Amino acid sequence: MNTNYPILEIKNLKACINENEILKDLNLKIHKGEIHAIMGPNGSGKSTFSKVLAGHPAYNILSGDILFKGSSILNLDPEERSHMGIFLAFQYPIEIPGVSNEDFLRLAYNSKQKFLNKDEVDPISFFTIINEKLKLVDMSPVFLSRNVNEGFSGGEKKRNEILQMILLDSELSILDETDSGLDIDALKIISKGINTFMNQNKAIILITHYQRLLDYVQPNYVHVMQNGKIIKTGTADLAKELESKGYEWLK
Ligand SMILES: Nc1ncnc2c1ncn2[C@@H]1O[C@H](COP(=O)(O)OP(=O)(O)OP(=O)(O)O)[C@@H](O)[C@H]1O
């Protein structure tokens with residue numbers, strides 16, 4: 001069996017929402033150990049791509065395929081995709097009133113354990129696990145007893161997303177504008193957490209508007225998405241070029 005396939009392969013993907021075609025013939029290959037940045041003008045389809053990848057039910061796939069570790073995931077629901085190792089950190093993390101962050105995280109952790117036929121953990125053992133992970137994003141344990149994202153500042157919500165990614169130990173993580181709303185120190189802390197988490201068995205997609213994140217989390221490839229497809233691919237230098245020249249010259 002050939003196991004040398006990409007962790008993610010997007011083949012001629014077209015997707016729409018409410019009859020509007022947003023992704024128009026998208027192609028992308030990502031291998032384990034790689035970090036890919038996706039940049040591009042507002043409205044070009046970056047968040048749509050992340051949600052389609054996670055299996056958001058509002059989007060329809062018109063044609064093409066999404067292969068995760070060599071197999072199509074088009075027929076899998078978001079929960080199955082998550083259990084298989086795909087994680088999406090939302091651009092706008094949602095608040096869940098009435099549910100403590102610790103309960104939410106433990107439920108998500110145990111749900112994955114169950115899917116993998118591993119033992120679920122009790123609240124006391126979970127506290128030990130989550131306490132270690134909190135240190136990686138420099139978060140206080142106080143955030144565990146608060147309701148999920150309720151009243152969290154923009155930056156705290158983003159940290160909480162990275163905490164989830166680290167806890168679930170996802171193989172493919174899509175971080176949608178995780179850097180927006182972070183102050184300079186928080187950006188460094190989050191970047192350190194991402195770099196500690198990353199290894200040769202994982203892959204990360206960073207959706208960002210700003211080159212500065214890429215100074216801390218260095219991508220192997222930078223792609224520009226425009227009008228629902230990748231129109232240019234380069235190295236980290238491309239992000240620097242975009243920062244100074246914008247997107248007009250690519251048209
Ligand atoms: N429910 C919807 N109905 C119609 N059009 C939609 C819907 N949701 C998204 N779109 C459109 O899809 C396009 C792509 O949006 P998307 O959020 O993917 O862009 P983006 O590249 O992530 O933008 P940004 O950089 O501003 O976050 C936009 O023009 C948006 O208005």
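Residues numbered from 1 in each chain as written. Predicted model: local features only at pLDDT ≥ 70, side-chain atom pairs only at ≥ 80, totals over all residues. Heavy atoms only, no water.

- By the naming in UniProt, the protein chain goes by Probable ATP-dependent transporter ycf16 and is assigned to Trieres chinensis.
- Under the UniProt heading Subcellular location, the note attached to the protein chain is "Plastid, Chloroplast". (UniProt positions renumbered as here; feature names shortened; annotations may be inferred.)

**Considering the UniProt feature "domain: ABC transporter" in the protein chain**
So, point 1. Look at the UniProt record and you will see "domain: ABC transporter" annotated at residues 8-250.
So, point 2. What you have in residues 8-250 is 38% helix and 29% strand, and the ends, taken at the C-alpha atoms, are 26 Å apart. (Helix = DSSP H or I, 4+ residues; strand = E, 2+ residues; numbered from the N terminus.)

**Quick look at the pattern of salt bridges**
So, point 1. Applying the stated criterion across every chain yields a total of six salt bridges.
So, point 2. The salt bridge involving Arg106 is made with Asp103; its shortest N-O contact spans 3.3 Å. Here the residue Arg106 and the residue Asp103 both occupy positions in helix 3 (residues 101-115), the gap between them amounting to three residues, near one helical turn.
So, point 3. A residue is classified by how much of its surface remains accessible, and Asp103, at 38% relative accessible area, is partly exposed.
So, point 4. Residue Glu241 is joined to Lys245 by a salt bridge in which the shortest nitrogen-to-oxygen separation is 2.9 Å. With Glu241 and Lys245 both in helix 9 (residues 236-245) and four residues apart, the pair spans about one turn of that helix.
So, point 5. Glu241 sits in the partly exposed class, given a relative accessible area of 30%. (Salt bridge = Lys/Arg side-chain N within 4 Å of Asp/Glu carboxyl O. Buried < 20%, exposed > 50% of the residue type's maximum accessible area, 1.4 Å probe, protein only.)

**What about helix 9?**
So, point 1. Among all positions in helix 9, only Leu238, Ala239 and Leu242 are buried. One side of helix 9 holds all its buried residues, which, seen down the axis, span an arc of 100°. Seen from the buried face of helix 9, the exposed residues on the opposite side, beyond 90 degrees, are Asp237 and Ser244.
So, point 2. If you follow the buried residues of helix 9, they end up packed against strand 3 (35-39), helix 8 (212-216), strand 11 (221-226) and strand 12 (229-234).
So, point 3. With its phi angle positive at about 75°, Gly246 sits one or two positions after the end of helix 9. (Arc of directions from axis to C-beta. Contact = heavy atoms within 4.5 Å.)

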